[in-house]
Amino acid sequence: DMKVTQMPRYLIKRMGENVLLECGQDMSHETMYWYRQDPGLGLQLIYISYDVDSNSEGDIPKGYRVSRKKREHFSLILDSAKTNQTSVYFCASSPGTDQDTQYFGPGTRLLVL
Amino acid sequence: GDSVTQTEGPVTVSESESLIINCTYSATSIAYPNLFWYVRYPGEGLQLLLKVITAGQKGSSRGFEATYNKETTSFHLQKASVQESDSAVYYCALGENNYAQGLTFGLGTRVSVFP
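What you see is a predicted model; the values in this text were computed from it and never measured.

Moving on, we get to unusual backbone geometry. A:Met7 connects to A:Pro8 through a cis peptide bond whose omega is -10°. Here A:Pro8 is to be found in the loop between β1 (4-7) and β2 (10-13). The peptide bond linking B:Gly9 to B:Pro10 adopts the cis configuration, its omega dihedral lying at -5°. For A:Asp53, which is not a glycine, the phi torsion comes out positive at approximately 55°. Its place among the elements puts A:Asp53 in the loop between β5 (42-51) and β6 (54-57). Residue class for A:Asp53 comes out exposed when judged on its relative accessible area of 52%.

With that settled, the discussion passes to the side chain of B:Asp2. All names here are of chain B. Topologically, Asp 2 is positioned in the segment before β1 (3-6). The side chain of Asp 2 is buried and forms no salt bridge, while Lys 70, the nearest opposite charge, is found at 11 Å. Within the structure, Asp 2 has its side chain in polar contact with the backbone nitrogen of Thr 28 (distance 2.8 Å). Ignoring any residue separated from it by four or fewer positions in sequence, one finds Asp 2 in contact with Ser 26, Ala 27, Thr 28, Ser 29, Leu 94, Glu 96, Gln 101 and Thr 104.

Turning next to the state of the cysteines. Any covalent bond linking the sulfur atoms of two cysteines counts as a disulfide. The full count for this structure, using the stated rule, is two disulfides over all chains. Two residues, A:Cys23 and A:Cys91, share a disulfide whose sulfurs are 1.9 Å apart. Disulfide A:Cys23-A:Cys91: the torsion about the S-S bond is -75°, which places it as left-handed. Taken as a pair, A:Cys23 in strand β3 (residues 19-25) and A:Cys91 in strand β9 (residues 87-94) lie far apart in primary sequence, 68 residues in all. Overall, the relative accessible area of 0% leaves A:Cys91 in the buried class. B:Cys23 shares a disulfide with B:Cys92; S-S distance 1.9 Å. Across the S-S bond linking B:Cys23 and B:Cys92, the dihedral sits near -70°, which makes this disulfide left-handed. Separated by 69 residues along the polypeptide, B:Cys23 in strand β4 (residues 23-26) and B:Cys92 in strand β10 (residues 88-95) bring together distant segments of the chain. Take B:Cys23: its relative accessible area is 1%, and that puts it in the buried class.

Okay, the confidence of the model for chain A next. For chain A, the average pLDDT comes to 93, and 96% of its residues sit at 70 or higher. Looking over chain A, one finds the lowest element-wise mean pLDDT in strand β10 (residues 103-104) of chain A, namely 91, and the highest in strand β8 (residues 73-78) of chain A, namely 98.

Per the counting criterion, the structure on display carries twelve aromatic pairs over all chains. Taking 5.8 Å as the distance between ring centres and 90° as the angle between the ring planes, the aromatic pair formed by A:Tyr35 and B:Phe105 counts as edge-to-face. In this pair, A:Tyr35 is assigned in strand β4 (residues 31-38) and B:Phe105 in strand β11 (residues 104-105), connecting two distinct chains. Between the aromatic rings of A:Phe104 and B:Tyr38, the centroid separation amounts to 5.5 Å while the plane-to-plane angle is 80°, which identifies the pairing as edge-to-face. Of the two residues, A:Phe104 sits in strand β10 while B:Tyr38 sits in strand β5 (residues 34-40), which places them in two different chains.

Here is what the cut-offs are and how they apply
Within every chain, residues take consecutive numbers counted from 1 along the sequence as written. Each chain gets a letter, beginning with A, and each ligand a number, beginning with 1, in the order they are written. Residue-level local features of this predicted model are given only where pLDDT is at least 70; pairs of side-chain atoms are given and counted only at 80 or more, and the full residue set underlies all totals for whole chains, interfaces and linings. In computing side-chain values, all of the structure's heavy atoms are included and hydrogens and water are not. Helix and strand labels come from DSSP, where a helix needs a run of H or I of at least four residues and a strand needs a run of E of at least two; each type is numbered from the N terminus. Exposure classes here rest on a 1.4 Å probe applied to the protein chains alone. A residue is buried below 20% of its type maximum, exposed above 50%, and partly exposed in between. Positive charges come from Lys and Arg alone, negative charges from Asp and Glu alone, with His and the N- and C-terminal ends not counted. Salt bridge, as used here, is a side-chain nitrogen of Lys or Arg placed within 4 Å of a carboxyl oxygen of Asp or Glu. In protein, a polar contact requires one atom able to donate a hydrogen and another able to accept it; more generally it is a pair of N or O atoms within 3.5 Å, and residues adjacent in sequence count only if both atoms are side-chain atoms. Contacts are residue-level and defined by heavy atoms, with any inter-residue pair within 4.5 Å sufficient. Two cysteine sulfur atoms form a disulfide, by the criterion used here, when they sit within 2.5 Å. The pLDDT score gives, residue by residue, the confidence of the prediction method on a 0 to 100 scale. Aromatic contacts are taken between Phe, Tyr and Trp rings whose centres are within 6.5 Å, Trp giving its six-membered ring; a plane angle under 30 degrees counts as stacked, one over 60 as edge-to-face, and the others as tilted.

This is the structure:
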């Protein structure tokens with residue numbers, strides 16, 4: 001059963017706290033992504049990971065970092081969260097043979113107070 | 001950069017009526033991008049609805065159809081007779097099959113189907 005999971009689904013943090021968003025996939029996909037979605041802005045690409053320890057900035061990487069130590073896991077880290085990082089975060093994965101067909105997780109709704 | 005523009009929602013339709021969501025695109029680095037429709041049902045993540053990678057061809061899934069029109073740079077989504085279960089947010093997207101990029105998404109169109 002092909003699946004992308006995200007944890008937690010909902011998170012409330014205070015400004016300045018650290019945030020860890022986790023993503024997992026069971027399809028052995030090489031490529032994984034983190035997006036954020038805000039009202040009126042659509043999905044914006046934060047980071048791409050091509051495989052373990054091979055990550056690249058997307059369109060809006062500032063304030064974020066990522067970690068990929070196993071192919072099936074991709075973490076998004078916010079060091080000292082800011083209120084403007086309140087958003088819905090989506091993780092996705094795609095196979096190396098078809099980078100464009102992406103499989104998405106259900107999203108994490110983050111509120112930074 | 002690339003861009004995707006789609007019908008601004010929300011769109012409200014009655015069950016068994018037809019639905020069309022317009023989508024136009026602009027790709028800067030590639031003449032024939034891959035085009036997608038994704039759908040997000042309440043409480044779920046985005047799911048691929050259909051994909052077309054060849055200009056002039058039509059994709060179909062779950063009763064939905066979209067034709068890749070290179071001349072008008074459009075990829076409109078249509079369904080002849082919607083059901084209440086089609087209530088969702090629909091996203092048009094463009095991809096360049098490029099490892100260094102993700103997909104470029106439209107803003108999404110929320111569709112509500114009433115019985």
